[in-house]
Amino acid sequence: MGAHVTHEIAAGFDADGFAVVDRLVSDEVVVALHDRFERLFRGEFETGVAPDEVNWQEGTGDPALTRQLCNAWRADRLVASVVLSPALGESLARLAGWPGARIIQDNVLWKPPGARSVGFHRDNAYLDWYRPREMATCWIALDPTSSSSGPVAFARGSHRWSTGADPAMDFHGPDDHRAAMDDAAAVEGVVPDVVPVEVPAGGGSFHHGWTWHGSDVNRSDVQRRALVVHCASSDARFHRPGFAEGNGPVYSRYARPDDDVMDEAHFPVLWTADGHRTPGLPEPPA
Ligand SMILES: O=C(O)CCC(=O)C(=O)O
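Described in the following lines is the structure provided in the data block. The structure presented is a predicted model; accordingly, all values stated were derived computationally and were not measured.

Turning to the sheet that holds strand S8 (residues 152–155), a few remarks are in order. Taken together, four strands build an open sheet; the order of strands is S5-S11-S8-S9 and the sheet is antiparallel. Sheet topology places strand S5 (118–121) and strand S9 (194–196) at the edges, where each strand pairs with a single neighbour. The average angle at which neighbouring strand axes cross in this sheet is 25°, direction not considered. In this sheet, strand S11 (residues 213–215) lies alongside S5 in antiparallel orientation, the contact comprising two bridges. Its bridge partner being in S11, Val-118 is matched across the sheet by Ser-215. Contacting S5, S8 and S11, helix H5 (residues 179–188) runs over the sheet at an angle of about 25° to S5.

Printed below as a string of structure tokens:
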């Protein structure tokens, strides 16, 4: 099994569409990442490269919203060393049944006390721009979480619900963060069993790309920070007909004009079963 993946975790992931783990990164890394989060949301990009999506910055961001950056690994070496870790890549590849894993996107998420929800959604719904249209995700808590701090929450078994016409999903601070998922559950004829991830700082979860998930308002007095790693199969290739769909307009900019190769400079391969890892990636933190 992969670095973090026991048989129990694999069985839970298969049955429920997610699995919770108590330890993914050390306490030292958690503390160091807190400092990087401060800097990143101030616009201090260590490498000089901006993240692919900058949805919140100090001074201009709406204080009521969950702060978000996507692909901060391009901007910050510590974030890169965590999200490009071979152990996480191996874990996600084994859970998803892929020959290897490449990163598609990281998320830096910070939901201070009182900040609004993240609407329930399914990751694979945004991914018509590559094939196989699949994602598997590791969510790393950087603060201890409880159901009142608005941690990520999963609808158990929803990775097996139908995938045809998902209702519109509103990501940033919707009034009813469960609405799209509740509609999908009604179509499916099930009462959703929504499970919040309650873990110590440094713990987290793995989830399937079709699992419905989102998070409530932070009703506690503790910060709720998370670092998220979304991977695809190491074999993934661009799918040009889907470039205008989902988050394709942001990420298809890395396609070359004449082929569908996902260049490893932009979508590094973290781990493959036959021993490949994109050269030049940082070592994981000790
Ligand atoms: O942390 C959250 O609130 C949402 C995270 C998320 O959407 C994800 O991990 O895919």
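Further notes follow.
Let us look at the site of the ligand. The immediate surroundings of the ligand are formed by Leu-109, Val-118, Asp-123, Thr-137, Trp-139, Val-152, His-213, Ser-215, Ala-226 and Val-228. Counting residues per element, the ones that place at least two in the shell around the ligand are strand S7 (136–141), S11 and strand S12 (224–233). Classifying every residue of the shell around the ligand gives six nonpolar, three polar and one charged.

This part covers helix H2 (residues 27–41). Compared with an ideal rise of 1.5 Å per residue, which puts 15 residues at 21 Å, H2 spans 21 Å between its outermost C-alpha atoms and is within 8% of the ideal. Where the residues of H2 are buried, they touch strand S3 (67–70), helix H3 (77–83), strand S4 (100–111) and S12. Count one or two residues on from H2 and you reach Gly-43, which has phi positive near 85°.

Take the nonpolar core next. Grouped together as the largest cluster of nonpolar side chains are 80 residues, with contacts concentrated most on Val-83, Leu-92, Ile-140, Leu-227 and Cys-231. Here Ile-140 is in contact with Leu-24, Val-25, Gly-204, Ala-226 and Leu-227, once residues within four sequence places are set aside.

Time to look at the pairing of S3. The side-chain alternation of S3 yields two buried faces, one formed by Arg-67 and Leu-69 and the other by Gln-68 and Cys-70. Across two bridges, strand S2 (residues 53–54) lies against S3 in antiparallel orientation. Bridge assignment links Glu-53 to a residue of S3, and that residue is Cys-70. Across four bridges, S3 lies against S4 in antiparallel orientation. Bridge pairing links Gln-68 to Leu-109 in S4.

This brings us to helix H4 (residues 86–96). Burial of H4 is extensive: nine of the eleven residues sit out of reach of the surface. Buried residues of H4: Leu-88, Gly-89, Glu-90, Ser-91, Leu-92, Ala-93, Arg-94, Leu-95 and Ala-96, and no others. Where the residues of H4 are buried, they touch helix H1 (7–16), S4, S7, strand S10 (204–208), S12 and strand S14 (269–272). Looking one or two residues past H4, Gly-97 carries a phi angle of roughly 75°, positive in sign.

Along the chain, His-34 falls in helix H2. Spatially, the C-alpha atom of His-34 lies 34 Å from that of Pro-192, the residues being 158 residues apart in sequence. If we skip the residues at most four places from it in the chain, His-34 touches Leu-142 and Arg-225.

Tracing the backbone through its elements, the reader meets Val-222 in the loop between S11 and S12. Given 15 C-beta atoms within 10 Å, Val-222 falls into the partly exposed group. Distance in space between the C-alpha atoms of Val-222 and Pro-113 is 6.0 Å, their sequence separation being 109 residues. Once residues within four sequence positions are removed from consideration, Val-222 is found in contact with Pro-113, Asp-143 and Ser-149.

Here is what the cut-offs are and how they apply
- Residues numbered from 1 in each chain as written.
- Predicted model: local features only at pLDDT ≥ 70, side-chain atom pairs only at ≥ 80, totals over all residues.
- Pairing = 2+ DSSP bridges.
- Helix = DSSP H or I, 4+ residues; strand = E, 2+ residues; numbered from the N terminus.
- Axes fitted to C-alpha atoms, helices over the stretch in contact; angles between N-to-C directions.
- Contact = placed C-beta atoms within 7 Å.
- Near = placed C-beta within 6 Å.
- Nonpolar A, V, L, I, M, F, W, Y, C, P; charged D, E, K, R; others polar.
- Expected span 1.5 Å × (residues − 1).
- Core = buried A, V, L, I, M, F, W, Y, C linked by C-beta atoms within 7 Å.
- Buried ≥ 20, exposed ≤ 12 C-beta atoms within 10 Å, placed from the backbone.

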